[in-house]
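Structural characterization, general
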Amino acid sequence: MKKKPLKLVLICLLLTLFCIPDLVAQNPVPGTMYELSQMKNGMRNRRISSNDPAGGVLDHLSDIRPGEKRIIADIPGSGIINHIWITMAPEPHVLNRSDVIIRMYWDGNAYPSVESPIGPFFGQGWNERYNYSALPITAGPANGTSMVSYFSMPFAQGARIEIENQSDVNLEKFYFYVDYYETKKLPADLGRFHAWYNQEQTEAAPEGETEWAVIGKQDNNTTGDRNYVFADIKGKGHFVGLNYYVHCPSPIWYGEGDDFWFIDGEEEASLLGTGTEDLFNTSWCPKEAYSHPYFGYPRVNNDVGWLGRTHIYRFFIEDPVFFQKSLKASIEHGHANNLTLDLATVAYWYQSEACPLPPAPSKEVRKLKPFINVPDMHRWRHEWRKNRGEDSKLWGNEMPKQ
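Cut-offs applied
Throughout this document, residue positions are counted from 1 along each chain, in the order its sequence is written. For a predicted model such as this one, the threshold for reporting local features is a pLDDT of at least 70, and the threshold for listing and counting side-chain atom pairs is 80 or more; totals across whole chains, interfaces and linings nevertheless cover every residue. In computing side-chain properties, one takes all heavy atoms of the structure into account and sets aside hydrogens as well as water. We count a stretch as a helix when DSSP gives it H or I for four or more residues in a row; a strand needs E for two or more, and each element gets its number in order from the N terminus. Exposed residues in this analysis have more than 50% of their type's maximum accessible area, buried residues have under 20%, and partly exposed residues fall in between, with area computed by a 1.4 Å probe over protein chains only. Values of accessible area rely on a 1.4 Å probe in the Shrake-Rupley scheme; residue burial ignores everything except the protein chains shown. Here a helix's expected span is defined as the number of its residues, less one, multiplied by 1.5 Å. Here a salt bridge means any side-chain nitrogen of Lys or Arg lying within 4 Å of a carboxyl oxygen belonging to Asp or Glu. To form a nonpolar core, buried Ala, Val, Leu, Ile, Met, Phe, Trp, Tyr and Cys residues must be joined to one another through side-chain atoms within 4.5 Å. Two residues form a contact once any of their heavy atoms are found within 4.5 Å. Strand pairing requires that DSSP identify at least two bridges connecting the strands. What counts as a ring pair is set by centres within 6.5 Å for rings of Phe, Tyr and Trp (its six-membered ring), and what kind of pair is set by the plane angle: stacked under 30 degrees, edge-to-face over 60, tilted for all other angles. Placement of a positive charge over a ring is assigned whenever Lys NZ or Arg CZ falls within 6 Å of the ring centre and within 35 degrees of the normal to the ring plane. On a range of 0 to 100, pLDDT expresses the predictor's confidence in each residue. Nitrogen and oxygen atoms within 3.5 Å of one another constitute a polar contact, given that in protein one can donate a hydrogen and the other can accept it, and given that sequence-neighbouring residues count only through two side-chain atoms.

1. Structural notes on the overall build of the protein
In terms of regular secondary structure, the protein is built from 6 helices and 23 strands. Here the protein holds 402 residues, and the buried ones make up 46% of them. Accessible surface computed for the protein: about 21900 Å², of which carbon and sulfur atoms make up 56%.

Here it is as structure tokens:
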């Protein structure tokens with residue numbers, strides 16, 4: 001093969017070096033801040049809010065009675081909701097925010113594709129208020145009273161957002177913004193936003209075993225049949241986030257539960273985890289508040305061991321879980337999948353079209369579990385001593401009979 005002259009090789013190399021900066025300048029790596037500078041066509045900002053139409057200062061919906069529904073936004077045509085802000089009164093000790101339900105309907109459907117208690121949807125577990133800071137959803141000052149979503153929520157044939165007061169008292173004041181882009185035609189590749197709340201009191205160890213007896217024992221769980229299910233989706237889409245609320249009635253570590261992801265009808269999960277805290281990007285049984293745009297612990301228990309309530313979140317912004325036909329995602333509950341826990345979750349995902357959700361947990365299922373406290377622990381010890389023959393010198397760390 002004939003060699004190229006050295007002079008020609010040097011010229012090609014110099015041209016390449018001079019051209020690379022121009023290529024980089026013309027094709028920068030896309031990103032949020034880069035895209036913010038791009039000029040857009042066909043976008044018109046719109047807002048629906050609780051602004052007083054008379055021009056006064058009563059900028060809120062008033063006296064939403066128990067059992068009453070109110071439509072807060074009914075938008076025709078096509079567009080993209082890009083911002084929701086909500087605050088309400090009275091205080092949680094009067095109005096249970098887990099009994100105020102938010103629903104969202106896309107494209108003229110009679111069924112919602114978003115249904116959740118309003119507190120848990122915005123990162124406020126149980127009937128509590130606390131600051132919460134993630135990229136798509138936040139709850140801010142004062143002390144979690146301001147609830148905000150930046151999730152993109154496209155629609156092609158209308159959007160409707162409603163709230164329902166399932167509590168036993170009047171929702172006296174409800175303030176809100178719903179900001180959106182109005183478009184003449186929605187891009188064809190935009191999915192529809194979905195969110196589903198689930199809650200379950202998980203079952204303890206099988207009959208004949210105690211929770212203590214199986215700690216450290218291999219569960220051999222390959223099917224996930226007894227797992228807590230946080231997503232059960234039919235259709236094409238991608239999973240983007242999870243708020244996880246756990247109320248643990250004992251001091252034992254609740255988070256030794258692996259996550260299972262069954263994609264497109266798999267009989268065996270193709271994505272398997274190594275523990276609850278690992279799924280949420282943390283490690284070694286944390287008990288400290290932490291916030292990152294994609295994951296964190298906004299509310300941690302301040303009780304003995306891991307007794308009490310803990311809220312963890314994880315948003316799959318850089319690593320969505322894709323599925324073409326279906327997705328079933330679940331997680332084990334505690335050591336050897338055997339702990340009694342009060343688990344609640346809000347899952348967030350996009351689908352190629354707006355779809356119905358699995359059934360929503362009832363108000364009875366959502367009922368708050370009381371806190372376990374010091375007198376309860378004393379009663380536990382008393383019952384344990386009785387089961388050990390009433391030995392007056394039992395200390396409490398004696399191994400159970402095998």
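2. Topic: helix H6 (residues 374-387)
Taking 1.5 Å as the rise per residue, H6 with 14 residues should run 20 Å; its terminal C-alpha atoms sit 20 Å apart, in good agreement. Phi turns positive one or two residues past the end of H6, at Gly389, with a value near 90 degrees.

3. Looking at the pattern of salt bridges
Throughout the structure, instances matching the rule amount to 18 salt bridges. Here Glu91 and Arg129 are joined by a salt bridge, their closest N and O atoms 2.6 Å apart. On the criterion of sequence distance, the pair formed by Glu91 in the loop between strand S4 (78-89) and strand S5 (100-106) and Arg129 in the loop between helix H3 (118-121) and strand S7 (132-133) is long-range, its members being 38 residues apart. For Arg129, a relative accessible area of 24% corresponds to the partly exposed category. Note that Arg299 is salt-bridged to Glu128, the shortest N-O span being 2.8 Å. With Arg299 in strand S19 (residues 295-299) and Glu128 in the loop between H3 and S7, the pair connects residues that are 171 residues apart, well separated along the chain. By relative accessible area, which is 16% here, Arg299 ends up buried.

4. Some thoughts on the nonpolar core
Formed by 47 residues in total, the largest nonpolar core has its most connected members in Ile81, Trp106, Phe121, Phe174, Phe193 and Tyr348. For this core, the leading source of residues is strand S12 (residues 171-183), giving 5 residues. Those residues in contact with Trp106 that sit more than four places away from it in its chain are Ile81, Ser113, Val114, Met153, Pro154, Phe155, Gly158, Ala159, Arg192, Phe193 and Ala354. Grouped together as the second largest cluster of nonpolar side chains are 31 residues, Ala231, Ile233, Tyr244 and Leu339 included.

5. Focus: the pairing of strand S6 (residues 114-117)
Covered by surrounding structure in S6 are Val114 and Ser116 together with Glu115 and Pro117, the residues of both alternating faces. Pairing of S5 with S6 involves 4 bridges; the strand directions are antiparallel. Considered in S6, the bridge of Met104 is made with Val114.

6. Some words on unusual backbone geometry
The residue after Ala89, namely Pro90, is reached through a cis peptide bond having omega 15 degrees. If you trace the backbone, Pro90 turns up in the loop between S4 and S5. Residue Pro141 is joined to Ala142 through a cis peptide bond whose omega torsion reads 0 degrees. Along the polypeptide, Ala142 turns up in the loop between strand S8 (137-140) and strand S9 (146-149). Positive phi values are uncommon outside glycine, yet Trp284 reaches one of about 55 degrees. Mapping Trp284 onto the fold places it in the loop between helix H4 (276-279) and strand S18 (290-291).

7. What about the packing of aromatic side chains?
Under the definition given, this model contains 25 aromatic pairs. Pairwise contacts between aromatic rings join Phe121, Phe122, Tyr132, Phe151, Phe193, Tyr313, Phe315, Tyr348 and Tyr350 into one cluster. Sitting above the plane of the Tyr105 ring, Arg160 keeps its charged end 3.9 Å from the centroid. In this structure, Arg314 is placed above the aromatic ring of Phe316, and the distance from its NZ or CZ to the ring centre is 4.1 Å.

8. Concerning the pairing of strand S22 (residues 326-331)
Among the 6 residues in S22, 5 count as buried, and that is most of the element. Across 6 bridges, the pairing between strand S14 (residues 228-234) and S22 is antiparallel. Within S22, the residue paired with Asp232 across the bridge is Lys328. As paired elements, strand S16 (residues 259-263) and S22 share 5 bridges and run antiparallel to each other. Bridging across to S22, Ile263 finds its partner in Leu327.

9. Comments concerning the sheet that holds S14
The antiparallel open sheet is built from 4 strands, whose spatial order is S14-S22-S16-S17. Of all strands in the sheet, those with a lone pairing partner are S14 and strand S17 (271-272), marking the two edges.

10. Digging into the environment of Leu271
Structurally, the position occupied by Leu271 is in strand S17. What Leu271 contacts, discounting residues up to four positions off in sequence, is Asp259, Phe260, Trp261, Ile263 and Val321.

11. Points about the confidence of the model for the protein
Taken as a whole, the protein shows an average pLDDT of 88; of its residues, 87% reach a score of 70 or greater. Below a pLDDT of 50 lies the segment residues 13-26, which in the model reaches 0 contacts outside its immediate sequence neighbourhood of four places, other chains included. Considering only residues more than four positions removed or in separate chains, one finds that residues 208-214, a stretch of pLDDT under 50, has 12 contacts.

12. Remarks on the side chain of Asp107
With respect to the helices and strands, the residue Asp107 is situated in the loop between S5 and S6. Within polar-contact distance, the side chain of Asp107 engages the backbone nitrogen of Gln157 at 3.0 Å. The residues touching Asp107, leaving out its near neighbours within four places in the chain, are Phe155, Ala156, Gln157, Gly158, Arg192 and Ala354.

13. Regarding the side chain of Thr183
When you line up the elements, Thr183 lands in strand S12. Beyond its immediate sequence surroundings of up to four residues, Thr183 is in contact with Gly42, Met43, Ser78 and Gly79.

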